Amino acid sequence: MTAVLPARRPGAVFALPLARTPTLPAADRAALGRRLLAGSVRWSVRGLMAVAVLAFAVLAIGPHVLGYRTMTMLTGSMSPQIDPGDVVVSTPLDVQDVTEGMVISYHIPIDDHRVVTHRVVSVEHGTDGSITVQTKGDANDAVDPWQATLKGDTAYQVRAVIPELGNVIEALRTPVVTKTLVYGAPALLAGWLIRSIWRPGEDDEDDES
């Protein structure tokens with residue numbers, strides 16, 4: 001027997017039955033939302049704590065153990081190699097080994113004698129063994145308006161750049177984040193430990209039922 005379909009009228013649209021998408025009860029949706037929120041908060045706090053521990057290790061422990069120095073770049077004079085907010089890691093080398101092309105961190109000989117990180121463009125060796133350098137920021141049009149005689153026997157050459165770490169450190173120092181880490185992290189950790197202790201008992205009750 002051949003089935004005969006009804007004739008389709010011009011402009012008529014046949015609606016096809018749609019499969020129903022199963023929906024969770026409201027209580028289950030609320031419980032799922034709470035679990036997702038708790039998980040996101042927990043991992044966010046863990047991430048902040050991990051960053052804080054890493055920053056402490058790099059900035060406080062490393063220089064004393066490994067002898068390097070760190071400094072947060074405040075200007076864009078060395079962009080794009082070093083951007084504002086990046087942390088530079090400088091290691092010691094003999095001052096006599098400073099050559100053109102190196103990026104070094106040193107005290108400028110004028111104004112507040114602040115530390116800058118610029119590229120060496122010329123080196124002069126004095127008869128008394130002194131080393132005088134002229135530097136330039138990669139993003140600057142002109143060389144620095146001074147010549148600096150490096151003090152002591154050690155200079156510091158930039159060996160590594162940690163992007164954005166300085167900005168992260170500044171963010172961690174804000175009152176809101178500091179209070180969250182000091183008060184919120186221990187509270188979340190205590191709650192997680194308490195839940196871990198009681199969870200096996202809950203699972204046993206479910207098995208017995």
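Residues numbered from 1 in each chain as written. Predicted model: local features only at pLDDT ≥ 70, side-chain atom pairs only at ≥ 80, totals over all residues. Heavy atoms only, no water.

When you go through the chain residue by residue, the secondary structure sums to 3 helices and 7 strands. The order of α-helices and β-strands along the chain, N terminus first, is α-β-β-β-β-β-β-β-α-α. When burial is assessed residue by residue, the chain has 25% of its 209 residues classed as buried. Surface summary for the chain: the accessible area is close to 14,800 Å², and the carbon and sulfur share equals 61%. (Helix = DSSP H or I, 4+ residues; strand = E, 2+ residues; numbered from the N terminus. Buried < 20%, exposed > 50% of the residue type's maximum accessible area, 1.4 Å probe, protein only. Areas by Shrake-Rupley, 256 points an atom, 1.4 Å probe, with all protein chains shown as cover.)

Take the sheet that holds strand 4 (residues 115-125) next. Neighbouring strands of a sheet are bound in pairs by backbone hydrogen bonds; such pairs are parallel or else antiparallel. With respect to topology, 7 strands assemble into an open sheet ordered 1-2-7-3-4-5-6, the strand pairing being antiparallel. What marks the edges here is a single partner per strand, and that holds for strand 1 (69-72) and strand 6 (148-149). In terms of strand pairing, strand 2 (residues 87-94) meets strand 7 (residues 154-162) through 8 bridges, oriented antiparallel. Following the sheet pairing, V87 is matched in strand 7 by I162. (Pairing = 2+ DSSP bridges.)

So, about the environment of T75. Locating T75 in the fold gives a position in the loop between strand 1 and strand 2. Once residues lying within four places of it in the same chain are set aside, the contact partners of T75 are D83 and P84. There is a polar contact of 3.3 Å between the side chain of T75 and the side chain of S77. (Contact = heavy atoms within 4.5 Å. Polar contact = N/O pair within 3.5 Å; in protein donor to acceptor, adjacent residues only side chain to side chain.)

On to the side chain of T135, then. For T135, the position within the fold is in strand 5 (residues 131-136). Looking at T135, its side chain comes within polar contact range of the side chain of Y106, at 2.5 Å. Setting aside chain neighbours within four positions, we find T135 in contact with Y106, H118, R119, V120, V121, V143, D144 and W146.

Attention now moves to the side chain of Q157. Assignment of secondary structure puts Q157 in strand 7. A polar side-chain atom of Q157 sits 3.2 Å from a polar atom in the side chain of R159.

When strand 1 meets strand 2, the two strands line up antiparallel, connected through 4 bridges. Residue pairing for strand 2: R69 is matched across the bridge by S90.

Turning next to the nonpolar core. Core analysis: the biggest nonpolar cluster contains 15 residues, and V98, I104, Y106, V133, L150 and A155 have the highest contact counts within it. What I104 contacts, discounting residues up to four positions off in sequence, is V116, T117, H118, V120, V133, L150, Y156, Q157 and V158. Ranked by size, the runner-up nonpolar core spans 7 residues in total, among them M71, M78, V103 and V158. (Core = buried A, V, L, I, M, F, W, Y, C linked by side-chain atoms within 4.5 Å.)

Let us look at unusual backbone geometry. At the junction of S79 and P80, the peptide bond is cis and its omega measures out at 5 degrees in the coordinates. Structurally, P80 is set in the loop between strand 1 and strand 2. Residues other than glycine seldom take positive phi values, yet E164 does so here, at roughly 65 degrees. Secondary-structure assignment places E164 in the loop between strand 7 and helix 2 (165-172).

Turning next to the pattern of salt bridges. With the rule as written, the count across this model stands at 2 salt bridges. Close ionic contact of D112 with R114 constitutes a salt bridge, the shortest N to O distance being 3.3 Å. Overall, R114 belongs to the partly exposed group, its relative accessible area being 41%. With a closest N to O distance of 2.8 Å, D138 and R119 form a salt bridge. Of the two residues, D138 sits in the loop between strand 5 and strand 6 while R119 sits in strand 4, which places them 19 residues apart along the sequence. The partly exposed category is assigned to D138, whose relative accessible area is 31%. Among the residues examined, R119 registers a relative accessible area of 23% and is labelled partly exposed. (Salt bridge = Lys/Arg side-chain N within 4 Å of Asp/Glu carboxyl O.)

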